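Overview (structure and organization)
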Amino acid sequence: MGILDDAKDAMKSAGEKISDVAGDVKDTVMDKASDAKDAVADKMGDAKDAAQDKLGDAKDAASDKMDQAKADAKVGKAKAEQGATEAVNNAKDQMRN
């Protein structure tokens with residue numbers, strides 16, 4: 001029975017090694033999957049940050065254009081008022097003369 005016991009022990013040992021290797025493979029695969037998931041999450045986060053930066057830049061540019069348009073409108077209004085005042089003053093001067 002020594003040979004059968006030795007064979008049984010060898011098969012048991014082989015089964016344990018196979019189980020250990022399978023467990024190691026599973027752990028490795030799970031680690032790689034987790035790393036891939038983290039990498040994708042990082043890339044998505046980077047893309048989101050870049051999009052938010054671009055949106056912020058666009059909003060700032062639009063705000064700057066609006067500020068410039070308001071300033072131009074104020075200058076135009078002031079020039080129009082000045083022209084109207086000059087026209088009224090010229091008309092008064094002509095009426096006096």
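As a starting point, this report considers the structure included with it. (Residues numbered from 1 in each chain as written. Predicted model: local features only at pLDDT ≥ 70, side-chain atom pairs only at ≥ 80, totals over all residues. Heavy atoms only, no water.)

1. Digging into the overall build of the chain
- Across its full length, the chain carries 1 helix and 0 strands.
- Against the compact-globule benchmark of 13 Å for 97 residues, the chain has a radius of gyration of 42 Å, which places it well outside the compact range.
- Reported as C-alpha extents along the three principal axes, the dimensions of the chain are approximately 140 × 5 × 5 Å.
- The buried share of the chain, taken over its 97 residues, is 0%.
- Element-wise, carbon and sulfur atoms account for 59% of the exposed surface of the chain, whose accessible area totals about 8700 Å².
- Both charge centroids of the chain, one from 17 positive and one from 22 negative side chains, sit 12 Å from each other. (Helix = DSSP H or I, 4+ residues; strand = E, 2+ residues; numbered from the N terminus. Rg over C-alpha atoms; globule rule 2.2 N^0.38 Å. Buried < 20%, exposed > 50% of the residue type's maximum accessible area, 1.4 Å probe, protein only. Areas by Shrake-Rupley, 256 points an atom, 1.4 Å probe, with all protein chains shown as cover. Lys, Arg positive; Asp, Glu negative; His and termini not counted. Charge placed at Lys NZ, Arg CZ, Asp CG, Glu CD.)

2. Side note on the pattern of salt bridges
- Within the structure shown, the criterion is met by 2 salt bridges.
- The shortest N-O distance in the salt bridge between K77 and E81 comes to 3.9 Å. Taken together, the residues K77 and E81, both in helix α1 (residues 2-96) and 4 residues apart, mark about one turn of the helix. (Salt bridge = Lys/Arg side-chain N within 4 Å of Asp/Glu carboxyl O.)

3. Some details on the environment of D6
- One can find D6 in helix α1.
- Its relative accessible area of 53% is what places D6 among the exposed residues.
- Linking D6 and D35, residues 29 residues apart in sequence, is a C-alpha distance of 43 Å.

4. A closer look at a nonpolar patch on the surface
- A cluster of nonpolar side chains, contributed by V21, V25 and V29, occupies part of the molecular surface with about 250 Å² of accessible area.
- If you trace the backbone, V25 turns up in helix α1. (Patch = residues over 30% accessible without salt bridge, like charges linked within 9 Å, V, L, I, M, F, W, Y side chains within 5 Å.)

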